[in-house]
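Here is how the chains run, residue by residue.
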Amino acid sequence: AQSVTQLGSHVSVSEGALVLLRCNYSSSVPPYLFWYVQYPNQGLQLLLKYTSAATLVKGINGFEAEFKKSETSFHLTKPSAHMSDAAEYFCAVSDRTGGFKTIFGAGTRLFVKA
Amino acid sequence: DGGITQSPKYLFRKEGQNVTLSCEQNLNHDAMYWYRQDPGQGLRLIYYSQIVNDFQKGDIAEGYSVSREKKESFPLTVTSAQKNPTAFYLCASSIFGQGSNEQYFGPGTRLTVT
């Protein structure tokens, strides 16, 4: 069965500092992996996705994530945080056989200090 | 513009009343989903539909019902049997059969039952 674990329900960084949000997954087959962002009282927006083409995936707003099979990880990073990055971030996994079902992590709320 | 609309944005109901949440998409997607979001719990799947006139229960279907009479519409009814209905409800859609199952989300409906 698939699962997703996001380490840290809250992460706080200073403006301009590195953002690192951690995600580990469990899947019996090579998965598809996603990062979504949610601003307060809004729906989720796709930041980036891994579909096996390249292990380093670049997304919108300067975010990127690296798929590491040996570590079953898909951590999200951004070199320099901006105040507008404050939001909740969700890691998600779907497998290549299921097709229709996506499992979401519990989410990590990112705070950015001025 | 293509996208998913959910209405209303905020909904208030008295305990014991059924309430229907609207979800419409003009993306021509085959698959549609309903999720429930509670603080600290991520997204939990209520129901999903891969094709018109067919739908399946997700992980927390008890107390909810859906219909899929048209490709673009997937309304969710929260019945009086749902013991704790106050939550943020998200509708999503995807292209069925596309391997990654990237999902597109609506803006959500916040339901408060008192």
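Refer to the structure presented above.
One structure accompanies this document, and this report is about it. Treat the numbers as computed from the prediction; the structure is a model and nothing was measured. (Residues numbered from 1 in each chain as written. Chains lettered and ligands numbered in written order. Predicted model: local features only at pLDDT ≥ 70, side-chain atom pairs only at ≥ 80, totals over all residues. Heavy atoms only, no water.)

Notes on the environment of E88 of chain A
All names here are of chain A.
Argument step 1. Examined against the element boundaries, E88 turns out to sit in strand 9 (residues 87-95).
Argument step 2. For the pair E88 and L33, spaced 55 residues apart in the sequence, the C-alpha separation amounts to 17 Å.
Argument step 3. At a separation of 3.1 Å, a polar atom in the side chain of E88 contacts the side chain of R109. (Helix = DSSP H or I, 4+ residues; strand = E, 2+ residues; numbered from the N terminus. Polar contact = N/O pair within 3.5 Å; in protein donor to acceptor, adjacent residues only side chain to side chain.)

Some details on the pattern of salt bridges
Argument step 1. For the structure on display, the rule yields seven salt bridges over all chains.
Argument step 2. Note that K49 of chain A is salt-bridged to E102 of chain B, the shortest N-O span being 2.6 Å. Placement of K49 of chain A in strand 5 (residues 44-50) and of E102 of chain B in the loop between strand 9 (87-94) and strand 10 (104-105) is noted, with the two residues assigned to different chains.
Argument step 3. Classification of K49 of chain A by relative accessible area gives partly exposed; the value is 27%.
Argument step 4. For the salt bridge of E64 of chain A with K58 of chain A, the shortest nitrogen-to-oxygen distance reads 2.8 Å.
Argument step 5. A residue is classified by how much of its surface remains accessible, and K58 of chain A, at 62% relative accessible area, is exposed. (Salt bridge = Lys/Arg side-chain N within 4 Å of Asp/Glu carboxyl O. Buried < 20%, exposed > 50% of the residue type's maximum accessible area, 1.4 Å probe, protein only.)

Purely spatial values, then, with no claim about function.
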